[in-house]
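Each chain is listed here by its residues.
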Amino acid sequence: MTDSSTRTERPLSPHLSVYRLTLTMVMSGAHRITGVTLYFGTLILVWWLVAAATSPRNFDLINAVFGTWIGRLVLFGYTWALFHHMLGGVRHLIWDTGRGLGPVESRRLALATLVGSIVLAVLVWAIGLVLRG
Amino acid sequence: MRNSFHHIRGLGSARSGTEHFWMQRLTAVANIPLVMAFVVILVTLAGRSHAAVIATLGQPMVAILMIATVLSVVVHIRLGMQVIIEDYVNSEARKIALLMANTFFSIAVGLAAVFAVLRISFGL
Ligand code: HEM
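Here the structure is a predicted model, which is why all the values come from computation and not from measurement.

1. Quick notes on the interface of chain B and chain A
- Between chain B and chain A, the contact holds 40 residues from the first and 34 residues from the second.
- For the pairing of chain B and chain A, the buried interface totals around 3,200 Å² over both sides, and the portion due to carbon and sulfur atoms is 78%.
- Ranking the residues of chain B by area buried against chain A places Val43(B), His50(B) and Phe105(B) at the top, with a combined share of 19%.
- Connecting chain B to chain A are two salt bridges.
- For Asp87(B), the salt bridge is made with Arg32(A), and the minimal N-O distance between the two is 2.8 Å.
- Residues belonging to the side of chain B that touches chain A are distributed by class as follows: 29 nonpolar, seven polar and four charged.

The structure is reproduced here in structure tokens:
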């Protein structure tokens, strides 16, 4: 233990700055980021509901804001984040049962979360637009 | 190491960690159908007139669904943000302040949303 020459022979571990970014890492972070986004996004929901509950004038304002290009993009992003977080959450629930933790399955689940969230977000808005005519 | 579920619930050194975990999972499961129904409502109402939105949100089933969603989400986000604060904030004073702010935020969001839905339901 006190012999410093043997210590220098040892590999320095863990290599905190040397790693390959994997999909599973990114998706793990994405679950937290979407969670925080949705957290503050509840303010939009509250604004919408309170505006609807107070006056048509207040409601027209938020409608105008979210009727713009940027507003629609924000709404779409919000639903995407929601589906992303939901599927990521389902992934957590699967892990809680002890399943889906292997390298192959966890990668597959991460991919399914990413693809599934995009598909669901596009689908729900497409259906919404069609229903509205 | 394995313990039966009823044995684990409510125990642990802090006597609260499992409860936190359990409520996070419970609200996560509840959120799945609630949020999906909510998104469908949101998408069909986006851009509609005030009168149309009021008429839909005022329906008992829609109002109950909205309130259930808000309650489940508010409990869920308070617990979720608590974990994030505990993960990243090291100063004890800042941590306590942020945990308080988190609770206030969650309650404020819940109250405002529920109040709005009830007001719409019971007539403006
Ligand atoms: C739609 C269904 C949802 C499911 C299945 C779900 C699931 C989960 C799960 C399992 C966790 C814990 C993650 C962990 O243990 O690391 C979590 C965390 C969180 N959720 Fe959700 N959630 C849902 C909806 C929401 C909504 C609507 C919001 C906000 C409006 C939200 C905000 C958060 C936040 C802020 C966290 C903490 C993130 C973290 O610790 O990394 N969730 N969610």
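Here the narrative resumes.
2. Comments concerning the coordination of the iron atom of the ligand
- Here the iron atom of the ligand is held by the protein donor atoms His85(A) (NE2) and His76(B) (NE2), which lie 1.9 Å from it.
- Its six donor atoms give the iron atom of the ligand angles of 87 to 179 degrees at the centre, a pattern that matches the octahedral case. Residue His85(A) is located in helix H4 (residues 69-96), and its partner His76(B) is located in helix H4 (residues 60-88); the two belong to separate chains. Each of the two residues, His85(A) as well as His76(B), counts as buried.

3. As for the packing of H4(A) against helix H5 (residues 103-132) of chain A
Residue and element names in this part refer to chain A.
- Interhelical geometry of H4 versus H5 gives an angle of 145 degrees and a closest axis separation of 8 Å. As H4 packs across H5, the resulting crossing turns out to be right-handed.
- For the contact of H4 with H5, the per-class residue count stands at 18 nonpolar, six polar and one charged.

4. Some points on the site of the ligand
- Residues in contact with the ligand amount to 22 residues; listed here are only the nearest, Arg32(A), His85(A), Arg25(B), His76(B) and Ile77(B).
- Residues close to the ligand are split across chains A and B.
- In this structure, a nitrogen atom belonging to the ligand sits 2.7 Å away from a side-chain N or O atom of His85(A).
- At 2.7 Å, a side-chain N or O of His76(B) approaches a nitrogen atom of the ligand.
- Mapped onto the shell around the ligand, the elements with two or more residues apiece are helix H2 (23-54) and H4 of chain A together with helix H2 (17-45) and H4 of chain B.

5. Considering the nonpolar core
- In terms of nonpolar packing, the biggest core is built from 51 residues, with Trp48(A), Leu49(A), Phe59(A), Val39(B), Val53(B), Leu57(B) and Met66(B) touching the most fellow members.
- Of all the elements in the fold, those that place two or more residues in this core are H2, helix H3 (56-67), H4 and H5 of chain A together with H2, helix H3 (50-57), H4 and helix H5 (92-121) of chain B.
- Take this core: its biggest share by element is eleven residues, from H4(B).
- Apart from the residues within four sequence positions on either side, Trp48(A) is in contact with Phe59(A), Ile62(A), Leu45(B), Val53(B) and Leu57(B).

Reading the values: rules and limits
- Residues numbered from 1 in each chain as written.
- Chains lettered and ligands numbered in written order.
- Predicted model: local features only at pLDDT ≥ 70, side-chain atom pairs only at ≥ 80, totals over all residues.
- Heavy atoms only, no water.
- Contact = heavy atoms within 4.5 Å.
- Buried area = accessible area lost by both parts, 1.4 Å probe.
- Salt bridge = Lys/Arg side-chain N within 4 Å of Asp/Glu carboxyl O.
- Nonpolar A, V, L, I, M, F, W, Y, C, P; charged D, E, K, R; others polar.
- Donors = N, O, S within 2.8 Å, 3.2 Å for Na, K, Ca; no water.
- Tetrahedral: all angles 85-135°; square planar, octahedral: opposite > 155°, others 65-115°.
- Helix = DSSP H or I, 4+ residues; strand = E, 2+ residues; numbered from the N terminus.
- Buried < 20%, exposed > 50% of the residue type's maximum accessible area, 1.4 Å probe, protein only.
- Axes fitted to C-alpha atoms, helices over the stretch in contact; angles between N-to-C directions.
- Left-handed = near helix turned anticlockwise from the far one by under 90°.
- Near = heavy atom within 4 Å.
- Polar contact = N/O pair within 3.5 Å; in protein donor to acceptor, adjacent residues only side chain to side chain.
- Core = buried A, V, L, I, M, F, W, Y, C linked by side-chain atoms within 4.5 Å.

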